[in-house]
Amino acid sequence: MDVLDLARLQFAVTGSLHFLFVVLTLGLAPLVAIMHTRYARTGSTLDERATRFWGQIYVTNYALGIVTGIVMEFQFGLSWSGLTHYAGDVFGAPLALETLIAFFLESTFLGLWIFGWHRLPTWLHLATIWLVTITAYASAFWIMVANSFLQHPAGSVRDGEVLRLDDFGALLTNPSLSMALPHVLSAGLTVGGFVVMSASAYHLFRRTPDQELFSRSLRMGIWTSFAGTMMVVGFGFAQFGPVTSVQPDKFADRPLAAFGLGMMILIGHLLQLIALALVIVVKWAPRWRFLHPLIVLVTPLPFIAAILGWIAREEGRQPWMIWERLKVADAITPGLTGGQITLSFVGFVGVLTLLAVADYVLIVRVVRRGAHEVALGENPAPAPALTF
Amino acid sequence: MDILWFGVLALLLIGYFVLEGFDLGVGLLLPVTADRDRAIGAIGPFVLANEVWLIAVAGVLFGAFPACENVLSANYEAVVLLLVSWVVRDAGLWFRRRLFTRAFWEWAIALASLGVCLAWGLLLAGLGGFSVPFGLLYGLLIAALFVLHGRRFLDWRLTGGGSPLVTGALAAVPALVPLVGTAGAVVANAAPSANLTVLTFMVLPFVPVLAGAQIWVWRAFGKGPVPAYF
Ligand code: HEM
């Protein structure tokens, strides 16, 4: 593989890893916030345990979201300085806004939420998880603005050898963005719903304690998956209009992109059917044990669909970095050597893959351990007795 | 406007050195710390709020000074070392109580903290065109200042000793020197003023929120029992 291939593969792998965690973050954040709201209102132990259990899963998942995100942020500067050279004046703006007015706050508020148990006043503590949710969505918005610019360089003009920002508003009303953003957010809800459903089904099937807690969250997961799949499919089809208006031949002669698209749609319809069937029997689902292993079994599907979606969108953009403006091959850092890209490939892909596996092991462990042994929000150990 | 944004960039980088400085210092000190649970517990609630300053530095670099972004690719190896070490340090914090043995992750945190310091030495020295050995020495100097700062922080947080402000100021010096040295070149490479205006209008309303959130972290976790999540 030459330098260009390695740099592309590195971006694809780290980006996919990042999104696997991000998509669950986007889906779980509002659910955890809703559970926490219930807990703040009722003060019941059941609601508290539910919040802490799903919160622990959220936080464990977030750990990898943030470390993969760090690598993504800097990768543009490392391997793709041609992009910044050509279009940094446009592309840099949404990225800067994402870090300053979304991610910076998200990370700070999440710290307050994680460590604020038994310390912040109830309603302020609750506010932090809603702020985490809002800022996570804001992050998704700005990143999608940046990505949509690559699909369709709206709001920019050519100025000699480079692109300049011409109309900031047009960046935000980019047709490549309008339906893609809700599609991604509903993909998040779909993933979140299926994960909540499946972890609950596991506990119901095993007849572990906390049947009531998991019956409730199974229903919440079913309703979320139902809403999520309806919206993801709706906005998915709604994307075809804008996509074909700005990238008419996107899926015509790009087999990998077309494959990704086709499989995503297939899985999308399947998930929609599953969610529809479950929502009809939602009242009895917690008691129907034969359903539970099946629910656990389909958990990977929404994740796979989400990655396929990105393959469709990004492969469909090839060979362009910025559609009909800048080729990927011209965006790579000039003079990037084989040694350098191999070093970063091994460092990023190797380390992040290992950590991702470790993190999934941990998530599974948190799920299996159940709601009675959750580290998040544990009562602080009593202050050590004075010894003389 | 370009000077204003250079100020923002400088503030964020200095803030990163001051704040993440004590996290990394405590990380470096772990092998010689007796009560590692309490030491990590002391920095725990601050880490997420501290490390994000560097992400903001990268954001401002992209948005306001895109032409300067080539410092990253020009110092490729140092940036890779910085990122991998940073990632491993974070993983150590998240996983320490949960996977394999604690000692494994504590060593990982200590070594990764050292890696971050050395990477900064290489990166900042690289800006001035200095050699690799000089960069490594500069990195060791940074590590030493962070250790000092980390000890002061632990003392302040755990036993109510004097404030870590002075050591914080010292920890920022290694970033200040190259900032002063490159100020002219950075400002000359700012994005067009129309861009900076957009960024200013978008970010300005959030400044009180950004500052408020950071202050809130210090007020909430500056005293009281040491939490035990990490
Ligand atoms: C019948 C169902 C679906 C249809 C018709 C559909 C359609 C589309 C289309 C047209 C794109 C845009 C490609 C581009 O911009 O070039 C896309 C992208 C994407 N899809 Fe789907 N999709 C469906 C289901 C799903 C499901 C179930 C998920 C995940 C749970 C998903 C996740 C994504 C993601 C993450 C992207 C990339 C970002 C974006 O363009 O929004 N899709 N999809």
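Here the structure is shown first, and the text comes after it.
Now for a look at the structure at hand. These numbers were taken from a predicted model, which means no experiment stands behind them. (Residues numbered from 1 in each chain as written. Chains lettered and ligands numbered in written order. Predicted model: local features only at pLDDT ≥ 70, side-chain atom pairs only at ≥ 80, totals over all residues. Heavy atoms only, no water.)

## Comments concerning the coordination of the iron atom of the ligand
All names here are of chain A.
(1) Moving on: Looking at the iron atom of the ligand, the protein donor atoms are His-183 (NE2) and Met-264 (SD), and they sit 2.1 Å from it.
(2) Moving on: Around the iron atom of the ligand sit 6 donor atoms; with metal-centred angles ranging over 83 to 178°, the donor geometry is octahedral. With a gap of 81 residues between them, His-183 in helix H7 (residues 180–206) and Met-264 in helix H9 (residues 255–280) connect regions that are remote in the sequence. (Donors = N, O, S within 2.8 Å, 3.2 Å for Na, K, Ca; no water. Tetrahedral: all angles 85-135°; square planar, octahedral: opposite > 155°, others 65-115°. Helix = DSSP H or I, 4+ residues; strand = E, 2+ residues; numbered from the N terminus.)

## A look at the site of the ligand
All names here are of chain A.
(1) Moving on: Contacts to the ligand come from 25 residues, most closely from His-183, Gln-239, Lys-250, Met-264 and Arg-313.
(2) Moving on: The backbone of Ala-180 places a nitrogen or oxygen atom 3.3 Å from an oxygen atom of the ligand.
(3) Moving on: Note that an oxygen atom of the ligand is positioned 2.5 Å from one of the side-chain N or O atoms of Lys-250.
(4) Moving on: Mapped by element, the contributors of at least two residues to the shell around the ligand are H7, helix H8 (211–246), H9 and helix H11 (300–315).
(5) Moving on: Take the shell around the ligand: its biggest share by element is 7 residues, from H8. (Near = heavy atom within 4 Å. Polar contact = N/O pair within 3.5 Å; in protein donor to acceptor, adjacent residues only side chain to side chain.)

## A few points about the side chain of Arg-157 of chain B
All names here are of chain B.
(1) Moving on: If you trace the backbone, Arg-157 turns up in helix H6 (residues 132–159).
(2) Moving on: Buried charged residue Arg-157 carries no salt bridge. Nearest counter-charge: Asp-23, at 11 Å.
(3) Moving on: From its side chain, Arg-157 meets the backbone oxygen of Gly-224 in a polar contact 3.1 Å long. (Buried < 20%, exposed > 50% of the residue type's maximum accessible area, 1.4 Å probe, protein only. Lys, Arg positive; Asp, Glu negative; His and termini not counted. Salt bridge = Lys/Arg side-chain N within 4 Å of Asp/Glu carboxyl O.)

## Let's talk about the packing of aromatic side chains
(1) Moving on: Here the structure, examined in full by the defined rule, presents 42 aromatic pairs over all chains.
(2) Moving on: For the pair Tyr-229 of chain B and Phe-230 of chain B, a centre-to-centre distance of 6.1 Å together with 55° between the ring planes defines the contact as tilted. When sorted by exposure, Tyr-229 of chain B lands in the same class as Phe-230 of chain B, which is buried.
(3) Moving on: Counting every residue linked through ring pairs, the aromatic cluster contains Phe-11, Phe-76, Phe-91 and Phe-149 of chain A together with Phe-62 of chain B.
(4) Moving on: Geometry around Trp-320 of chain A places Lys-327 of chain A over its ring, the cationic atom sitting 5.0 Å from the centre.
(5) Moving on: Positioned above the aromatic ring of Tyr-229 of chain B is the side chain of Arg-98 of chain B, whose terminal nitrogen or guanidinium carbon lies 4.3 Å from the ring centre. (Phe/Tyr/Trp six-rings, centres within 6.5 Å; stacked < 30°, edge-to-face > 60°. Lys NZ or Arg CZ within 6 Å of the ring centre and 35° of its normal.)

Everything listed is a geometric property; what it means functionally is a separate question.
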